[in-house]
Amino acid sequence: MTTQTQSETKIPSLKDVKTASARVEQKAREMYDVLVDASVKWAGFGLGYGRTALTTSARALERAAERLASLEEKLPKKAEAPAEATAAETEAPSAGPDPNAN
């Protein structure tokens, strides 16, 4: 059984501490760069996906608007036809006998 005494413990020198500190700082910079690069790539991916989704939605809305416009064009034609028939009936005298003539 061995016991470690104060004299056997190695105390790092100032140079060793500075070297270790420089290595830690370098690794921290590398990690920071990796995180920034990954974040920028994910942000680019998200923005591209959002643009695609908005473009697709805009096209779908454009098609829906065109269909509504075509329905709108058809509605007045159908509404005008009965109105013209009603106007023609009120202007033309009835061809049958008058029920109030008796």
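This text goes with the structure placed above it.
Definitions and limits used
Residues numbered from 1 in each chain as written. Predicted model: local features only at pLDDT ≥ 70, side-chain atom pairs only at ≥ 80, totals over all residues. Heavy atoms only, no water. Helix = DSSP H or I, 4+ residues; strand = E, 2+ residues; numbered from the N terminus. Buried < 20%, exposed > 50% of the residue type's maximum accessible area, 1.4 Å probe, protein only. Areas by Shrake-Rupley, 256 points an atom, 1.4 Å probe, with all protein chains shown as cover. Salt bridge = Lys/Arg side-chain N within 4 Å of Asp/Glu carboxyl O. Phe/Tyr/Trp six-rings, centres within 6.5 Å; stacked < 30°, edge-to-face > 60°. Patch = residues over 30% accessible without salt bridge, like charges linked within 9 Å, V, L, I, M, F, W, Y side chains within 5 Å.

Novice: Before we go on, may I ask you to explain the overall build of the chain in this structure?
Specialist: Within the chain, the regular secondary structure consists of one helix and zero strands. Residues classed as buried in the chain amount to 0% of the 102 residues present. Of the roughly 9900 Å² of accessible surface on the chain, a fraction of 62% belongs to carbon and sulfur atoms.

Novice: Help me understand the pattern of salt bridges in this model?
Specialist: Pairs can form between side chains of opposite charge once their charged atoms are near each other. Within this structure, the stated rule accounts for two salt bridges. Residue glutamate 25 pairs with arginine 29 through a salt bridge whose shortest N-O separation is 3.6 Å. In this pair, glutamate 25 and arginine 29 both sit in helix H1 (residues 14-91), four residues apart, roughly one turn of the helix.

Novice: In this structure, what is going on with the packing of aromatic side chains? I would like to understand it.
Specialist: A ring pair, where both rings are aromatic, is described by two values, the distance of the centres and the angle of the planes. Inspection of every chain in the model, using the stated rule, returns one aromatic pair. Relative to phenylalanine 45, the ring of tryptophan 42 has its centre 5.7 Å away and its plane inclined at 90°; by these criteria the two rings are edge-to-face. Linking tryptophan 42 with phenylalanine 45, this pair stays in helix H1, spanning three residues, or about one helical turn. Each member of the pair, tryptophan 42 together with phenylalanine 45, is exposed.

Novice: How should a nonpolar patch on the surface be read in this particular structure?
Specialist: Where nonpolar side chains cluster on the molecular surface, the patch consists of Tyr32, Val36 and Val40 and spans about 300 Å² of accessible area. Mapped onto the elements, valine 36 comes out in helix H1.

Novice: Would you explain the environment of threonine 19 in this entry?
Specialist: Note on placement: threonine 19 falls in helix H1. Accessibility expressed as a relative area gives 38% for threonine 19, which makes it partly exposed.

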